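Each chain, written out:
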Number of protein chains: 2
Amino acid sequence: MRKYLGIDVGGTNVKCGIITETGEILHQIKYPTLALRQSGNIVGEFLQIVQGLLKQNPDILQVGIGLPGTLNKARTHTIELPNIPELDHCPLLSHLQQAFPDKVFLLENDANAAALGEMYFSGQPMPEDFIFVTLGTGIGGAAIIDGFIFKGGDGNSMEIGHMMSEGGRRLEEIIGKNGLLDMAKEGVKRVGAQSVLANMDPINTKAVLEAAGLNDPLALQIFEKMGYLLGEAFVSMIRVLDIKNVYIGGGISATFDYLYPSLMLAMERNLTPYYLKDLVVKPALLGNHAGILGAASLCISHLALQERALRTN
Amino acid sequence: MRKYLGIDVGGTNVKCGIITETGEILHQIKYPTLALRQSGNIVGEFLQIVQGLLKQNPDILQVGIGLPGTLNKARTHTIELPNIPELDHCPLLSHLQQAFPDKVFLLENDANAAALGEMYFSGQPMPEDFIFVTLGTGIGGAAIIDGFIFKGGDGNSMEIGHMMSEGGRRLEEIIGKNGLLDMAKEGVKRVGAQSVLANMDPINTKAVLEAAGLNDPLALQIFEKMGYLLGEAFVSMIRVLDIKNVYIGGGISATFDYLYPSLMLAMERNLTPYYLKDLVVKPALLGNHAGILGAASLCISHLALQERALRTN
């Protein structure tokens, strides 16, 4: 059975996994990103990590790497990685190819990789075309079209957290993690002890989720608002992309059940039967290890792309 | 020199043109759509028209057809044509291929065809990736990615008039032709004779445009609003598609100069340098005959797609 090395480069950790072609994790290890950054030679450190893993696993020929930022369309260079600025504008692919000329390296944005990971490894049957949304500190996205990552014009499509939303503000400002907490704090000021949130310290995402679980009206109202604005953004995305399957993942996707009713309401109000009759909004299932599994799935997608090119001949 | 037949099927007229590969119009003729609809056999009437033109021009091997509505992704069937419901859910390609087995027919949505037409025939150098926006009774759009029409997931991408805008309303409701006239009428009620529009009858798009030409504050304010909301929609589109070139065409694209400042303001406020440094928003130049030229350009794009497939081998 083929094995791949999947590397998920995050702001906190660089996570590495040896993954089989069916998504089994044979081995995993992580390295704190800050230490790599502080070394003054982040690329050198990264190459060392890759070298160690490939030496232990000489049968691995392909390495998928998920990166938290923008890349050029050919996927040879990074552009900007807000949480790892040391890697901005880095010709990472050529560094890797020079160091390991007999291996194949595949670079991709991490949300795109996570969407592919969901398709190949979540165990749920997936359509050929879907939108993947990650709810976390920020709101990210990806689109899979005809079974492959949609890169857009210049390579960095689906920055959906920055779509325009209510009152001339960007979506993420209102319903990203900070926006959500602002709503909670403002709400507590307004309703005081009518909300259990008034007695929670600190008021963080977990607290708002817990309050919603207790049927707290303020917490439910916050998720209702979040769901509705997310639903409006989905309407715009669906009109632009004509994709009717949406999967929601990411750190705060545990909120799915609270978001769903108002999210669907926004879509039912604003989409025609052409879209609504086939519309499916579901939670993503991959959960833990989505990062390394997504990165490893880049290798499988690469093979599928080569096979498609042969079929087109 | 190769010649093509371009047919622009519109709600008012079916326009046909014999077009050279450089975009010269050798011959054109139009038929009122209503008469075709009332015949009770719109497909039969349409085949008659095509037969007549192909008989007169036996050297034409390829026919491009622009249609005002949704199509399946394989471009064999129509789905819905709001202005020509007799053609809904019609296997138009097989009708044409059966009647003219030695010709090639290419069906496409009319906004997509217009975008291609702009690329091939406008005379201005065009990028490989651009968004094309049509301002008319409604607001339509198309995206060209890597030099070809972007179809999205199920074939009907870029329904941008229905993206969400201010106050939970859809873009076209606010700044489509009717929205624009509602703003004008509401404004006249509010400011009365302070606007020259108060003395214009009827208050139509042309009147608002004329008033703007006279520096009428109300008319200028209406276009400022329209530009800003259009700019916000462009922000969302650009974030989803990562395309930095936008061309504006359509019936009321004469408003371009009035829209431009607030349109750019919305984008400058909401896009980062990554987008702004390469951002270009321009009027489309094709103008008259955009419909038949766009339809004919489908034939050129079809050849280019075949050539690309050969190169990939």
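Residues numbered from 1 in each chain as written. Chains lettered and ligands numbered in written order. Predicted model: local features only at pLDDT ≥ 70, side-chain atom pairs only at ≥ 80, totals over all residues. Heavy atoms only, no water.

Description of the environment of Ser122(A)
Residues and elements named next belong to chain A. To keep things clear, this is the line we draw: Working definition: helices are DSSP H or I runs of at least four residues, strands are E runs of at least two. Numbering for both runs from the N terminus. By the convention used here, residues are in contact when the closest approach between their heavy atoms is within 4.5 Å. Any N or O atom pair separated by 3.5 Å or less is treated as a polar contact, with the protein-specific requirement of one donor-capable and one acceptor-capable atom, and with residues adjacent in sequence counted only for side-chain atom pairs.
Relative to the helices and strands, Ser 122 is located in the loop between helix 4 (110-121) and strand 6 (130-135). For the pair Ser 122 and Ala 290, spaced 168 residues apart in sequence, the C-alpha to C-alpha distance is 9.1 Å. Those residues in contact with Ser 122 that sit more than four places away from it in its chain are Gly 117, Leu 285 and Leu 286. At a separation of 2.7 Å, a polar atom in the side chain of Ser 122 contacts the main-chain carbonyl oxygen of Glu 118.

Re the interface of chain B and chain A
This is how the line gets drawn: What gets called buried area is simply the loss in accessible area from a 1.4 Å probe that two parts show on being joined, summed for both. The term salt bridge refers to a pairing of a side-chain nitrogen on Lys or Arg with a carboxyl oxygen on Asp or Glu at a separation within 4 Å.
Contact with chain B, which involves 35 residues of that partner, is made by 35 residues of chain A. Surface buried jointly by chain B and chain A totals about 3,000 Å² across both partners, of which 53% is contributed by carbon and sulfur atoms. For chain B, the biggest contributors to the area lost against chain A are Met164(B), Arg239(B) and Val240(B); these three give 21% of the whole. Taken together, chain B and chain A are joined by four salt bridges.

Brief notes about the domain arrangement of chain A
Residue and element names in this part refer to chain A. As a reminder, the rule being used: For every domain, the bounds stem from an assignment made automatically or drawn from a database. Classes in brief: Ala, Val, Leu, Ile, Met, Phe, Trp, Tyr, Cys and Pro nonpolar; Asp, Glu, Lys and Arg charged; the others, Gly included, polar.
Annotation of chain A at the domain level lists domain 1 (3-118 + 288-312) and domain 2 (125-283). Using only C-alpha atoms to locate each centre, domain 1 and domain 2 end up separated by 28 Å. The partner domain 2 presents 17 residues to the 18 residues of domain 1 that form the contact. Summed over both partners, the interface of domain 1 with domain 2 buries about 1,400 Å², with 61% contributed by carbon and sulfur atoms. Put simply, domain 1 and domain 2 have zero salt bridges between them. Joining domain 1 to domain 2, the criterion identifies five residue pairs in polar contact (both at pLDDT 80 or more). Of all elements in the fold, only helix 4 and helix 11 (290-312) reach the threshold of two or more residues within the side of domain 1 that touches domain 2. Considering only residue class, the side of domain 1 that touches domain 2 consists of nine nonpolar, four polar and five charged.

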